[in-house]
Amino acid sequence: MKLKGSFFLGKSASAKGVNNMKNLKLVKFNDSGKKSTFFKVGNCEIGRDFIIVGGPCSVESEEQTLLTADAVKKGGGNMLRGGAFKPRTSPYDFQGLGLKGLKILEKAKQKTGLPIVTEVIDPRDVSWVCEYADILQIGARNMQNFSLLKEVGKSNKPVLLKRGMYSTLREWLNCAEYILAEGNPNVILCERGIRTFETYTRNTLDLSIVPAIKELTHLPVVVDPSHGTGKLSLIEPMSLAAVAAGADGLILEVHINPKEALSDADQQLTPEQFASLTEKVFKLKKFMDETIYSETEPEE
Ligand code: PEP
Ligand code: MN
């Protein structure tokens, strides 16, 4: 979605004013006004259609994944997420099912038609993870893994690049630049919260970055309120706030039985919570498109 309205400075004015955008040749709006990036994944046009990616933190079993995938589809989601490779804080925590997990995701895709968003954590895995993924996720902990960025930049799959938990906007955009510089133009930025002195929430979801990205770059941006808050009760309000801030989509953790989840049990929505959230999100999005932005200038 392109943000419009009087409270925006306009992309060229703001991009020129931010001198630290130097070297971000490919991600920034250039002076002649590069058009926003749009690309197709399944039936969705990322950057134009609002996307909702739902699914478990980790692929744990075939049953859990297939049931969750059905719930995501019924609940209005248009893509399925699920980690087969899990970058965990402790080496003793569940590390993911690897190839077995990817095969389960493949089955879920065959059953529901939902495209797959899944994380790749090692440059050596990129080529074969591409056989299963429709979008490659680069996790927060790997945002500045430059060899991984170069490798996904050589692939022909879109990349969902999560913001590192200690990263500035400039550092994050430089990572997107790495991918674009290798020839892959299809990058989605994902705000998933940063670490601040606040400890009540798991991370501090920096929604101000969404309109900032829209001012400075042509890339689509989605928001992950699951990792961004880590708290079930905050996910719906922050999802709505992300829509209001101009995000192009949401990525949400959903589990058929959150209490039993092998990772991120505290922040996974039940299928019912997911469906109720998406209904409100779509209503707000429609209201914004039809009421708030109905009289603004057409997209370039
Ligand atoms: C995830 O999406 O499950 C994940 C590990 O996210 P992040 O990299 O944002 O922590
Ligand atoms: Mn998770």
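The rules behind the values
Residues numbered from 1 in each chain as written. Chains lettered and ligands numbered in written order. Predicted model: local features only at pLDDT ≥ 70, side-chain atom pairs only at ≥ 80, totals over all residues. Helix = DSSP H or I, 4+ residues; strand = E, 2+ residues; numbered from the N terminus. Buried ≥ 20, exposed ≤ 12 C-beta atoms within 10 Å, placed from the backbone. Contact = placed C-beta atoms within 7 Å. Near = placed C-beta within 6 Å. Nonpolar A, V, L, I, M, F, W, Y, C, P; charged D, E, K, R; others polar. Pairing = 2+ DSSP bridges. Axes fitted to C-alpha atoms, helices over the stretch in contact; angles between N-to-C directions. pLDDT = per-residue confidence, 0-100. Expected span 1.5 Å × (residues − 1). Arc of directions from axis to C-beta. Core = buried A, V, L, I, M, F, W, Y, C linked by C-beta atoms within 7 Å. Right-handed = clockwise from strand over helix to strand, strands pointing away.

Draft legend 1. Region of interest: the overall build of the protein chain. Within the protein chain one finds ten helices and ten strands. Burial status across the protein chain gives 47% buried among its 300 residues. Residue pairs in contact within the protein chain that sit at least 24 positions apart in sequence constitute 67% of those at least 6 positions apart.

Draft legend 2. Representation of the site of ligand 1 within the structure. Taken together, Cys 57, Gly 83, Gly 139, Ala 140, Arg 141, Lys 162, Arg 192 and His 227 make up the full set of residues near ligand 1. Class assignment for the residues of the shell around ligand 1 results in two nonpolar, three polar and three charged.

Draft legend 3. Molecular detail of the sheet that holds strand E7 (residues 159–162). Strand order in this closed barrel of eight strands is E3-E4-E5-E6-E7-E8-E9-E10, and the pairing throughout is parallel. In this sheet, adjacent strand axes meet at a mean angle of 25° when their direction is disregarded. For strand E5 (residues 116–119) and strand E6 (residues 135–138), the ladder comprises three bridges, and the chain directions are parallel. Looking at the pairing, Thr 118 lines up with Leu 136 of E6.

Draft legend 4. Focus on the confidence of the model for the protein chain. The predicted model of the protein chain has a mean per-residue pLDDT of 92, with 90% of residues at 70 or higher. E7 holds the highest mean pLDDT among the elements of the protein chain, 99, whereas helix H1 (residues 11–17) holds the lowest, 47. Below pLDDT 50 for its whole length, residues 5–15 participates in 19 contacts with residues either more than four positions away or in separate chains.

Draft legend 5. A look at the environment of Ile 194. Considering the arrangement of structural elements, one finds Ile 194 in the loop between strand E8 (187–191) and helix H7 (209–216). When the 19 C-beta atoms within 10 Å are taken as the criterion, Ile 194 is described as partly exposed. Distance in space between the C-alpha atoms of Ile 194 and Met 165 is 4.2 Å, their sequence separation being 29 residues. Discounting chain neighbours no more than four positions away, the residues touching Ile 194 are Arg 163, Met 165, Tyr 166, Asn 203, Thr 204 and Asp 206.

Draft legend 6. Focus on helix H10 (residues 271–292). Helix length check: H10 (22 residues) gives 30 Å between terminal C-alpha atoms against 32 Å at 1.5 Å per residue, within 8%. Among the residues of H10, Phe 274, Leu 277, Thr 278 and Val 281 are the ones counted as buried. Taken down its axis, H10 places every buried residue within 100° of arc, on the same side. In H10, the exposed residues that point more than 90 degrees away from the buried face are Glu 272, Glu 279, Lys 283, Lys 286, Glu 290 and Thr 291.

Draft legend 7. Fine view of the nonpolar core. The biggest cluster of nonpolar side chains holds 76 residues, and the ones touching the most others in it are Leu 161, Ala 176 and Leu 189. Broken down by element, the residue count for this core peaks at eight residues, all from helix H6 (residues 169–181). Setting aside chain neighbours within four positions, we find Leu 189 in contact with Leu 161, Trp 172, Ala 176, Ile 213, Leu 219 and Val 221.

Draft legend 8. Representation of the environment of Ala 69 in the model. For Ala 69, the position within the fold is in helix H2 (residues 62–74). On the neighbour-count criterion, Ala 69 (29 C-beta atoms within 10 Å) is buried. Along the chain, Ala 69 and Arg 81 lie twelve residues apart, while their C-alpha atoms are 8.8 Å from each other. Residues within four places of Ala 69 in sequence aside, it is in contact with Gly 55, Leu 80, Ala 108, Lys 111, Thr 112 and Leu 114.

Draft legend 9. Local environment of the pairing of E7. Residues Val 159 and Leu 161 line one face of E7 and the alternating positions Leu 160 and Lys 162 line the opposite face, and both faces are buried. Where E6 meets E7, three bridges bridge the pair, whose relative direction is parallel. Counterpart to Ile 138 in the pairing with E7 is Leu 161. Handedness of the crossover is the feature at issue here: the chain leaves E6, passes through helix H5 (residues 146–154), returns alongside E7, and the resulting connection is right-handed. Taken together, the four bridges between E7 and E8 define a ladder with parallel strand orientation. Looking at the pairing, Leu 160 lines up with Ile 188 of E8. For the segment spanning E7, H6 and E8, crossover handedness is right-handed.

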